[in-house]
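Observations on the model geometry
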Amino acid sequence: MLIGAGWGLGQPLAKIAVSGGHRHVGIVFWHMCVTGAIMGAVMVARRRSLPLGRRHVALYLMVALLGTVLPNAASYQAAVYLPAGLVALLISLVPMFAFPIALAAGLDRFSWGRALGLGLGLCGVLLVTLPETSLPDPAMAGFVPLALIAPVFYALEGNAVAKWGLPELDAVQLLFGATLLGLPVAAGLALGTGTFIDPRPPWGLPELAVVASGAVHAVVYTGYLWLVGRAGSVFAAQVAYLVTASGLVWSMAILGERYSGWIGAALLAMFAGLFLVQPRPRSKLVPRPHDVKL
């Protein structure tokens, strides 16, 4: 619940950050600086080294690009044009994009129930974009595909990690390594696109939102990877419901956003789709006594 609430807070923080004129990759760079500083302090406190084998570096780079730089840049740009709660709602589509990608990669098998879940997710997107009264401004519908870029990249990242695994890495090492490799990429993109943010004071609410977003990301992303390791991916995947719901609630409470009945219907359709698409456990959590081999 805490991870879901923290993750959902990221969307209203993104809206506050872009309200100050800051843009996508520039925000991502300072976001990663804050995350890297926190992860580095944790690494020093734990006295852990960072593995730098070829496989490790490839994994860090993949997580940096697919899990941070590209999806976060897309989300921050979408936040310029769309309500924060709507961006949070669309991020819940990660499992629905992950399923067809897993099928294409040979990591999963087809299921009619999960295919129905994909259909419900599509219905949710259509309920957001098609009715003229679903959004505060019908012109916003043209920016919905921009908000869909982030869940596609997250789905790609999840399948890549599932395929290649984590070679003797824990959550802190993975995130710290990904941040170190992602920083020069984000810096180059920020400078090249003219979106670099001058860090000198005075700082206002948008700048504080960037810092807060980086700190929250460090805590919740590490917590999520820890949860996967302790409770399994099936249980941890339920965080998606909480991220979406809390993102809507935070946006209403902090930004005063209000949504039409069409958005509520889309939320129900996406939650039903999530329930069907989420993977199910394939084995018993606790074996019966006569199943145990000594």
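An account of the accompanying structure is given in this report. (Residues numbered from 1 in each chain as written. Predicted model: local features only at pLDDT ≥ 70, side-chain atom pairs only at ≥ 80, totals over all residues. Heavy atoms only, no water.)

This paragraph deals with the pattern of salt bridges. Close approach of charged atoms lets side chains of opposite charge pair. A full pass over the atoms with the stated rule returns four salt bridges. The closest approach of N and O atoms between D108 and R114, which form a salt bridge, is 2.7 Å. Here D108 and R114 have matching classes, each one buried. Residues participating in the shared-partner salt-bridge network are R46, R48 and D170. (Salt bridge = Lys/Arg side-chain N within 4 Å of Asp/Glu carboxyl O. Buried < 20%, exposed > 50% of the residue type's maximum accessible area, 1.4 Å probe, protein only.)

Let us look at the packing of aromatic side chains. Applying the stated criterion to the full structure yields six aromatic pairs. Seen from their ring centres, F29 and F196 are 5.6 Å apart, and the 45° between their planes marks the pair as tilted. Of this pair, F29 sits in helix α2 (residues 24-46) while F196 is found in the loop between α8 (171-193) and α9 (205-231), placing the two residues 167 residues apart along the sequence. Where Y241 meets F271, the ring centres are 5.3 Å apart and the plane angle is 85°; that geometry is what we call edge-to-face. Here Y241 is found in helix α11 (residues 239-255), whereas its partner F271 is found in helix α12 (residues 261-277), with 30 residues between them in sequence. (Phe/Tyr/Trp six-rings, centres within 6.5 Å; stacked < 30°, edge-to-face > 60°. Helix = DSSP H or I, 4+ residues; strand = E, 2+ residues; numbered from the N terminus.)

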